[in-house]
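Letter by letter, the chains look like this.
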Amino acid sequence: QMQLVESGGGLVQAGGSLRLSCVVSGSAWSDYIGWFRQAPGKERIFVAHVRRVSGAVYYADFVNGRFTISRDNGLNTVYLQMDRLTPEDTAVYYCAASGAFHPTTAAEYTYWGQGTQVTVSS
């Protein structure tokens, strides 16, 4: 089993920044940790993932250089630094773990956190 706990969400004005954290624990191992987001009435979509061993990262196209995913293996924590936020970034953000190769869909992730709300005001 694996547990993931997100934190760092909140209310921010457009153009601002937030850093989300995802603390990973448990006996199971998954190389990929990803971030997803889900806006009200919309499907959960992929944002970015990082490989825990190599540190290799991958982003969805819409990120467009505004977000940075990173990991601190010593703290078992994955971060999502979000800059230049817009109201369209408002959503619940989830971190998740996957053992698949280069997973970019929710179905490929096995373990999920409870989510953290990000609200960007205009």
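Scroll up to find the structure.
Basis of the calculations
Residues numbered from 1 in each chain as written. Predicted model: local features only at pLDDT ≥ 70, side-chain atom pairs only at ≥ 80, totals over all residues. Heavy atoms only, no water. Core = buried A, V, L, I, M, F, W, Y, C linked by side-chain atoms within 4.5 Å. Buried < 20%, exposed > 50% of the residue type's maximum accessible area, 1.4 Å probe, protein only. Helix = DSSP H or I, 4+ residues; strand = E, 2+ residues; numbered from the N terminus. Contact = heavy atoms within 4.5 Å. Salt bridge = Lys/Arg side-chain N within 4 Å of Asp/Glu carboxyl O. Pairing = 2+ DSSP bridges.

K.L.:
Quick one: what's the story with the nonpolar core, residue by residue and with numbers?
P.N.:
L4, W35, V47, F67, L80, M82 and Y93 are the most contacted members of the largest nonpolar core, which has 31 residues in total. The set of elements that each furnish at least two residues to this core consists of β1 (2–7), β3 (18–26), β4 (32–38), β5 (45–51), β7 (67–72), β8 (77–82), β9 (91–98) and β11 (116–121). The element that contributes the greatest number of residues to this core is β9, accounting for five residues. Sequence-distant contacts of L4, that is, excluding residues within four places in its chain, are made with C22, V23, V24, I33, C95, A96, A97, Y111, W112, G113 and Q114.

K.L.:
Outline the pattern of salt bridges, supporting the account with residue identities and numerical values.
P.N.:
Applying the stated rule across the entire model yields three salt bridges. Put simply, D31 and R51 hold a salt bridge, and the shortest N to O gap is 2.9 Å. With D31 in the loop between β3 and β4 and R51 in strand β5, this residue pair connects regions lying 20 residues apart in the sequence. With relative accessibility at 15%, the residue D31 sits in the buried group. Across the pair D89 and R37 runs a salt bridge, and its minimum N-O distance is 2.7 Å.

K.L.:
Just give me the short version of the pairing of β4, but keep the residues and values in it.
P.N.:
Among the seven residues of β4, six are classified as buried, and the element is accordingly described as predominantly covered. Of the strand pairs in this sheet, β4 and β5 are connected by six bridges, and their pairing is antiparallel. Considered in β5, the bridge of R37 is made with I45. The antiparallel hairpin formed by β4 and β5 contains six residues in its connecting segment, where G41 sits at a positive phi of about 75 degrees. Relative to β9, β4 runs antiparallel, the two sharing seven bridges. Opposite I33, over in β9, you have A97 as the bridge partner.

K.L.:
Got a sec to walk through unusual backbone geometry? Specific residues and values, please.
P.N.:
At N76, a position not held by glycine, the phi torsion is positive, near 50 degrees. Examined against the element boundaries, N76 turns out to sit in the loop between β7 and β8. Residue N76 is classed as partly exposed on the basis of its relative accessible area, which comes to 37%. Of note, H102 is a non-glycine position whose phi angle comes to about 50 degrees, a positive value. Looking at where H102 falls in the secondary structure, it is placed in the loop between β9 and β10 (111–112). Relative accessible area serves as the criterion here: at 30%, H102 is assigned to the partly exposed category.

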